[in-house]
Amino acid sequence: MIPTIHFKHATLALLLLGPLLPGCATHAPPAARADAQALTPAAVLATMERVADWQLAHPSAHATTHWTQGVGDAGFMALANLSGTHAYRDAMVAMGERNGWQLGPRVYHADDHVVGQTYAELYLQLRDPAMLAPLRARFDAILAEPHDGTLEFTVPGNQDRWSWCDALFMGPPAWARLAAATGDARYLDHAIAAWWRTSDYLYDKDEHLYYRDSNYFARREANGRKVFWARGNGWVMAGLARTLQYIPADHPARARFEQQFRAMAVKVLALQQADGLWRASLLDPGSYPARETSGTALFAYALAWGVNQGLLDRAAFEPGVRRAWSALVASVHPDGKPTHVQPIGQAPTGFADDATEVYGVGAFLLAGSEVFRMAVLERAAPRPVHVANPGDFHRADETVELALGPDASQAPLAVMEADTSRLLPTQRIGDTLLFQANFAPRERRRFLLLPASALPALAPPDVKVHARYVPERYDDFAWESDRIAHRTYGPAILHVPNEHVGSGVDVWLKRVRRPVVDTWYKRGEYHSDHGEGLDNYSVGTGRGCGGTEVYRDGKAYPSSVYAGWKVIADGPLRAVFELRYDAWSAGGRRVAETKRISIDAGANFSRVESRYTSDQAGALPVAVGIAQRKGDGRLVRDTSASWMSYWEPESAPNGHTACAVIVPGQATRAAVDGGDALLVGTAQPGQPFVHYLGAGWSKSGDFPDAQAWEAHVRNVAQRLAVPLRVTDQE
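The following refers to the structure shown. (Residues numbered from 1 in each chain as written. Predicted model: local features only at pLDDT ≥ 70, side-chain atom pairs only at ≥ 80, totals over all residues. Heavy atoms only, no water.)

Moving on to the sheet that holds strand β26 (residues 669-673). Strands sit in the order β17-β16-β22-β27-β26 across an open sheet of 5 strands; the sheet is antiparallel. Taken across any chain shown, the strands that pair with only one partner, and hence form the sheet edges, are β17 (555-557) and β26. Each strand axis lies, on average, 45° off the axis of its neighbour in the sheet, ignoring direction. Here strand β16 (residues 545-552) pairs with β17 via 3 bridges, running antiparallel. Bridge assignment links Arg-552 to a residue of β17, and that residue is Lys-555. (Pairing = 2+ DSSP bridges. Helix = DSSP H or I, 4+ residues; strand = E, 2+ residues; numbered from the N terminus. Axes fitted to C-alpha atoms, helices over the stretch in contact; angles between N-to-C directions.)

Evaluation of the coordinates by the stated rule reveals 49 salt bridges. Residue Glu-378 is joined to Arg-379 by a salt bridge in which the shortest nitrogen-to-oxygen separation is 3.8 Å. A residue is classified by how much of its surface remains accessible, and Glu-378, at 33% relative accessible area, is partly exposed. We note a salt bridge from Arg-611 to Glu-609, for which the minimum N-O separation is 3.3 Å. Classification of Arg-611 by relative accessible area gives partly exposed; the value is 38%. Among the residues examined, Glu-609 registers a relative accessible area of 16% and is labelled buried. Through salt bridges with shared partners, one network takes in Arg-127, Asp-397, Arg-483, Arg-513 and Asp-702. (Salt bridge = Lys/Arg side-chain N within 4 Å of Asp/Glu carboxyl O. Buried < 20%, exposed > 50% of the residue type's maximum accessible area, 1.4 Å probe, protein only.)

What follows is about the state of the cysteines. By the definition in use, this model includes 1 disulfide. In this model Cys-545 forms its disulfide with Cys-659; the gap between the sulfur atoms is 2.1 Å. The sign of the 100° torsion about the S-S bond sets the Cys-545-Cys-659 disulfide as right-handed. Taken together, the positions of Cys-545 in strand β16 and Cys-659 in strand β25 (residues 657-662) put the pair 114 residues apart, joining distant regions of the chain. Under the relative-accessibility criterion, Cys-659 is labelled buried at 2%. (Disulfide = S-S within 2.5 Å.)

The residue Asn-81 is located in the loop between α4 (67-80) and α5 (87-99) in this model. A residue is classified by how much of its surface remains accessible, and Asn-81, at 12% relative accessible area, is buried. Residues Asn-81 and Met-416 lie 335 residues apart in sequence; the distance between their C-alpha atoms is 9.6 Å. Setting aside chain neighbours within four positions, we find Asn-81 in contact with Glu-121, Gln-125, Arg-422 and Leu-423. (Contact = heavy atoms within 4.5 Å.)

In this approach the atoms are scanned with a rolling probe the size of a water molecule, which exposes any empty space left behind. In this structure the tally under the stated criterion is 2 cavities of 30 Å³ or more. Empty space within the largest cavity amounts to approximately 70 Å³. In terms of lining residues, the largest cavity is bounded by 14 residues, among which Val-505, Gly-546, Lys-595, Ile-597 and Leu-693 are the most central. For the lining of the largest cavity, the secondary-structure elements that each account for two or more residues are β16, β19 (574-585), β20 (590-600) and β28 (688-697). In this structure, the second largest cavity is lined by Thr-293, Ser-294, Ala-297, Leu-328, Ser-331, Val-332, Pro-338, Thr-339, Val-341, Gly-360 and Phe-364. Within the residue set of the lining of the second largest cavity, elements represented by two or more residues are α13 (294-309) and α15 (358-380). (1 Å grid on protein atoms, 1.4 Å probe; cavity = no way out; pocket = protein on both sides within 12 Å on 5 of 7 lines; lining within 4 Å. Points joined across faces, edges and corners; volume = space filled by probe spheres on them.)

At their nearest, the axes of helix α11 (residues 230-244) and helix α12 (residues 254-270) sit 10 Å apart, and the two run at 145° to each other. Relative to α12, the crossing made by α11 is left-handed. On α12, the residues that touch Asn-233, Val-236, Met-237, Leu-240, Ala-241, Thr-243 and Leu-244 of α11 are Arg-254, Phe-257, Glu-258, Gln-260, Phe-261, Met-264, Ala-265 and Val-268. The residue inventory of the contact of α11 with α12, partitioned by class, reads 10 nonpolar, 3 polar and 2 charged. (Left-handed = near helix turned anticlockwise from the far one by under 90°. Nonpolar A, V, L, I, M, F, W, Y, C, P; charged D, E, K, R; others polar.)

Two elements in contact, α4 and α5, have axes whose closest approach is 8 Å; the angle formed by their N-to-C orientations is 145°. As α4 packs across α5, the resulting crossing turns out to be left-handed. Packed against α4, whose contacting residues are Asp-73, Phe-76, Met-77, Leu-79 and Ala-80, the element α5 presents Tyr-88, Arg-89, Met-92 and Met-95 at the interface. Of the residues assigned to the contact of α4 with α5, the class counts are 7 nonpolar, no polar and 2 charged.

This is how it looks when you write it as structure tokens:
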């Protein structure tokens, strides 16, 4: 819906699809091919799902907000991002709902924050405000009243800070994900500052490893070496990877994180044992000969992620990752139970061979997610797609439009988020591929375009948009996203007594993130809120929310209802349709109009492209209107940015309805026609006249007040004025 700057068609088609076409495949030497056969994407995914299924069938007895469960949940989300089924994500949604989306009970303790990583990741996919509200409230309270102080582990209250190395996995990735989900940089700033306070205290710059906490500064192993716990350092390395995933590429703090990640990776790789595992004590493996898989899985995850990001040399590190993965898989029982997991502790110790824990499952699934990607990329020769946000503002659920070119193969394609390995939902419309992403101010992000055939499976995308003709309700035409719904009226309603309507746009308010149009029409009653939302908007013969009319010499000339329709695309990310309006008289000038309307997932705004024909040459003044109500509403116009917003008076018990229109790239002026506030622009017959209409609701969870709605309108207007830049170059 919001424009992007595209590749050149022919160049993109050749660059992106050439290696995927017959005769263009790359070839590995025989030894490499033999090794690759042992590590296929399908085999990795099957093992991950077997382990996850075992865990679901044998749930942990720990509290569901306990850190052990939170680590398991992080692994389940990594699997959910790759699996061909939504079952694992559904399990995480069910977990969050049972928890009421609450964190653990200790306000400041990082262990009680780790489950928030999963809540934030679910929110980034499903955008249900309930998923994020307690996490945000908790972290806001911490920012408002930080418990600063010493990291000395013997001092009471020290664990209100990140005074032990495990905390760097539990806490920072949750803060970083909240920053990405909200666009509020304070959360990331906090994570970065607190990380380096802990690092400066616990990181041994000579050994390039972390002490578990200050109790271990002076302790020594039986061989006289310092005590560095494998899983503790695994927490740190995995925490580095999971925090770096959400630190923008140009962030001034990123280089220091990458430097520490590389230094630790070199040290850790040198400490890997011949069987592919790391022992519980990194510097005294002989004293702890037992196989240990939780620390190994965390190291494997971090090292594989580093290789996949290009932060670590593939030739040097990939063999170690492969050895680790083989050892991890060998520790999984045929029924999927992972074994050799060191029990809860804080230092090297012995344990039973068949020991398992839910955090071991989480670490295994995290490792599998990056090994899966490693296996995919070896076979698929993906092409990078670089997308930049040139604006100094946050962009949420922005649709990226990738122009494939008219000669591109019709074979299905997939898009992987390079930072996280998540496979993104896509939609192809003609020679354009759509996917969505979030961008921090000035952020540059990388995505990987893959042939879908290189993947074992793709989960069906969530359908978040819908558009359809409604013959059962007087030829209505309705459309919706996961945020809002609209309808306009068709020919049959003109024959219904006491119905006085025109070409205005109706608003259906939603508090759920799923399609409702079909359900509400089938129910036949949608003027009362049954927990999903309602239609309490009055259109009549006015413009409603974003309807258009010719506006000449201070007088409005609206069309009648639409005369014909055509659906061009119906989700899952974008719905596109056309409405035809037969010719009418606009002050002695005959005018006809065709509207092409589109709405994207995650959007409160629809894009409307009108093309007019006329029996006379010359420009047409066209107005976009918003219906005004009696009472204390709030109308704001910014004609310099060509937008107008209206926050309706409260309609108890149903709150406030909001509407806005944007006419990008036009010089507009304000006007009024009866009960409609107008923005007036100029259309040329045969040329597109583009505007955006949007609506919101105070009970949706998104816009509690007029200021929140107007901030969103400004953000959308900014995004339209400064499009994303899409290229095949860094």
